[in-house]
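# Structure assessment
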Amino acid sequence: MVDLAEKAMDNPAFRSDTVLSDVHLHCPSKRHLMVRLNAVGQPVFLSYFKLLWSTEDFASGRHVREITTGREHQCRSGGELCDKDRSNIKKEGELNSEGVKALLDDDGDLEVVRRPRSASDLEAEDLLRDIVGPVILMKGKEDAFEDEEQECTCSDVVKIEHTMATPLEDVGKQVWRAAFLLADYILFKRDTFRCCSMLELGGGTGITSIIMGTVAKRVYCTDVGEDLLAMCEQNVSLNKHLMEPGRGEVKVKELDWLKNEFCTDPEAPYSWSEEEIADLLDQCSVIVAADVFYDDDLTDALFRTLYRITESLRNSCTVYLALEKRLNFTLRHMDITCEAYSHFRNTLNDLENLQDGKMKYTVEPIKLDFCQFLVYERIEQL
């Protein structure tokens, strides 16, 4: 069976109902190891996602690296320039002081001086675009990645089990860019989220909740489906090393948007206790959701769930929504459209304009110019 899986990965073929996330294809920091088959026979991979910071950096207040599409540079504060920029300005000043003659060749033609590509340019380009294929675990080679695991320091790697291609109903088992974007914002605004209680809707593999668990007091990571929730719980366990002792508790729970109540059946896995529901409603001040707006019916159900929960909270809270705007050509419109995004925007507008005398929602966009803390492609559609 492993041999068949290996051949299948060498020549992948996807059915028309297959949904594929390409996040893992542009993450050169680590390879992706197939570790098992899940309950429905899908290959499960373990991927290492590099964090561009360490706990020591945050403790000492040092700057962290920021990755942008075209260039890698140090984050700056207060308009300060790094030494490299000062050096470039100095060189430009020297060039201008020498006059125009320096820019002319022997024939008197204007000679355009091009800035040489620096090592950091090449490094950033490779970092963002190198395609990394999955690696199949062969029988008898369980220790093939032992050395690689030892290279991963406790403070700079997130380990995530996930699938690479699924039917639409199982997309929560894949890793999506908007989850990384939301995690970036959480790390950038650590002080804002420190010691709060938080709820994630549609947590999927749990990567956003895991990052939130590095700063928050308690995180309820929710989704639906026993197989998915088991994978999420496994990921939380794999990343205990990122969370401070005695803090950062992440609880994996079932929350079905198509139902009006929390699952409290003690026989059901990932159900809620009455104490946990009370804790959520009394303490929760932040709700997040990433890349969950791909189906109109589910979008409607999520907003109904969002209203139901926020109406029951003791205190006001802030909801952070992240998504990737996906463009598709449709025969119905004979044009490139983004129907799922349009429906999301319309539903969000309806929520903001809601006037029921009970709740009031204010919608504000967040600029995406904050530092990048995880290795992924921050594309303009995010």
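- The chain carries the name Methyltransferase-like protein 22 in an unreviewed UniProt entry, which gives Rhagologus leucostigma as its organism.
- A UniProt comment under Subcellular location (unreviewed entry) is attached to the chain, and it reads "Nucleus".

## Observations concerning the nonpolar core
- With 45 residues, the main nonpolar core has Val158, Phe180, Phe193, Met212 and Val286 as its most contacted residues.
- At the level of secondary structure, the elements contributing two or more residues to this core comprise strand S7 (157–162), helix H6 (177–188), helix H8 (207–212), strand S10 (218–223), helix H9 (226–238), strand S11 (249–254), strand S12 (284–290) and strand S13 (318–322).
- Broken down by element, this core gets its largest block of residues, nine residues, from H6.
- Ranked by size, the runner-up nonpolar core spans 28 residues in total, among them Leu255, Phe262, Ala301 and Met359.

## Regarding the pairing of strand S9 (residues 197–200)
- With burial as the criterion, each face of S9 is covered, one bearing Ser197 and Leu199 and the other bearing Met198 and Glu200.
- Crossover handedness for the path S9 to H8 to S10: right-handed.

## Concerning H9
- Between its first and last C-alpha atoms H9 spans 18 Å; for 13 residues at 1.5 Å apiece the expected length is 18 Å, and the two agree.
- Within H9, the full set of buried residues consists of Leu228, Leu229, Met231, Cys232, Asn235 and Val236. Across the axial projection of H9, the buried residues extend over an arc of 155 degrees, all falling on one side.
- Check the buried side of H9 and you find it contacts strand S3 (43–50), S7, H8, S10 and S11.

## Section: unusual backbone geometry
- A positive phi angle, close to 70 degrees, is found at cysteine 195, a residue other than glycine.
- Examined against the element boundaries, cysteine 195 turns out to sit in the loop between helix H7 (190–193) and S9.
- The residue aspartate 291 is not glycine, and still its phi comes out positive at about 55 degrees.
- Looking at where aspartate 291 falls in the secondary structure, it is placed in the loop between S12 and helix H11 (296–312).
- The class of aspartate 291 is buried, set by a relative accessible area of 11%.

## Here's the deal with the sheet that holds S10
- Taken in spatial order, the five strands make up an open sheet running S11-S10-S9-S12-S13, and their pairing is parallel. With partners counted over all chains shown, the strands left at the sheet margins are S11 and S13, one partner each. Between one strand axis and the next, the sheet turns by 20 degrees as a mean value, whatever way the strands run.
- One ladder, built from five bridges, connects S12 with S13; its direction is parallel. By the bridge assignment, alanine 290 is partnered in S13 with alanine 322.
- Sheet strands touched by H9: S10 and S11. Its angle to S11, the strand with the most contacts, is close to 175 degrees.

Calculation rules
- Residues numbered from 1 in each chain as written.
- Predicted model: local features only at pLDDT ≥ 70, side-chain atom pairs only at ≥ 80, totals over all residues.
- Heavy atoms only, no water.
- UniProt positions renumbered as here; feature names shortened; annotations may be inferred.
- Core = buried A, V, L, I, M, F, W, Y, C linked by side-chain atoms within 4.5 Å.
- Buried < 20%, exposed > 50% of the residue type's maximum accessible area, 1.4 Å probe, protein only.
- Helix = DSSP H or I, 4+ residues; strand = E, 2+ residues; numbered from the N terminus.
- Right-handed = clockwise from strand over helix to strand, strands pointing away.
- Expected span 1.5 Å × (residues − 1).
- Arc of directions from axis to C-beta.
- Contact = heavy atoms within 4.5 Å.
- Pairing = 2+ DSSP bridges.
- Axes fitted to C-alpha atoms, helices over the stretch in contact; angles between N-to-C directions.

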